[in-house]
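Secondary and tertiary structure notes
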Amino acid sequence: MITWLVAGGLAFLLVPRLILRLSRVGEPPLVEGEWQVCQYSGGLMGCVSVIGLLFLFLVGFAYTHPGRTPAGQMLPALVLFAFFGVMGLYSAWQMGRARILWSDREIRSRGVIIPWEELQGANFLRAAQAFQLTGVNGQKIWVYQAMNGFPELWKKVEEFLAPT
């Protein structure tokens, strides 16, 4: 019992620090020409990928080493673990596609362009744990705090949304 408590306590203390280190939160944004880039770090995407692969490995291991588990009880567990594995890999892929570029004129992400003058609002949505930037024409760009360059982007957003 003591071993499990110590292991749980260590995980509680170390995992958040590891995630912060992998995500490289607080590092300056990448610069591509006139654009600054806000995106997920490779370390964080790699961590999510490894977790997805771990679940898929567990599916293979459980399938080849069922022990005394009846077949009827094995299928739901295999499906659940396979779902988590596939969703982990899908999440890492989506994280790799999430890029927000901004310059002195505009902010853009995945085909959505909002000139700074047309930025209408920025709201934090608890359900998504993300900020949603909204343009006057209803355009929406999602920004996550775990992205590199988030603090600099947020300063720029506050600059344009500050009352004059």
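For the structure, see preceding data.
Summarised in this report is the structure supplied together with it. (Residues numbered from 1 in each chain as written. Predicted model: local features only at pLDDT ≥ 70, side-chain atom pairs only at ≥ 80, totals over all residues. Heavy atoms only, no water.)

Let us now look at the overall build of the protein chain. If you tally the helices and strands in the protein chain, you get four helices and eight strands. Starting at the N terminus and ending at the C terminus, the protein chain contains elements arranged as α-β-β-α-α-β-β-β-β-β-β-α. By the compact-globule yardstick of 15 Å for 164 residues, the protein chain is too spread out, its C-alpha radius of gyration being 21 Å. In terms of overall dimensions, the protein chain has C-alpha extents of about 70 × 35 × 30 Å along its principal axes. Classification of the 164 residues of the protein chain by burial places 29% in the buried group. Across the protein chain, contacts joining residues at least 24 apart in sequence account for 56% of those joining residues at least 6 apart. Across the protein chain, 13 positive and 10 negative side-chain charges occur, with their mean positions spaced 15 Å apart. (Helix = DSSP H or I, 4+ residues; strand = E, 2+ residues; numbered from the N terminus. Rg over C-alpha atoms; globule rule 2.2 N^0.38 Å. Buried < 20%, exposed > 50% of the residue type's maximum accessible area, 1.4 Å probe, protein only. Contact = heavy atoms within 4.5 Å. Lys, Arg positive; Asp, Glu negative; His and termini not counted. Charge placed at Lys NZ, Arg CZ, Asp CG, Glu CD.)

Attention now moves to the pattern of salt bridges. For the structure on display, the rule yields four salt bridges. The salt bridge involving Arg105 is made with Glu34; its shortest N-O contact spans 2.7 Å. In this pair, Arg105 is assigned in the loop between strand E3 (99–102) and strand E4 (106–109) and Glu34 in the loop between strand E1 (30–32) and strand E2 (35–39), connecting sequence segments 71 residues apart. Judged by its relative accessible area of 46%, Arg105 falls in the partly exposed class. Here Lys156 and Asp104 are joined by a salt bridge, their closest N and O atoms 3.2 Å apart. Within this pair, whereas Lys156 is found in helix H4 (residues 150–161), its partner Asp104 is found in the loop between E3 and E4, the two being separated by 52 residues in sequence. We classify Asp104 as exposed; its relative accessible area is 62%. (Salt bridge = Lys/Arg side-chain N within 4 Å of Asp/Glu carboxyl O.)

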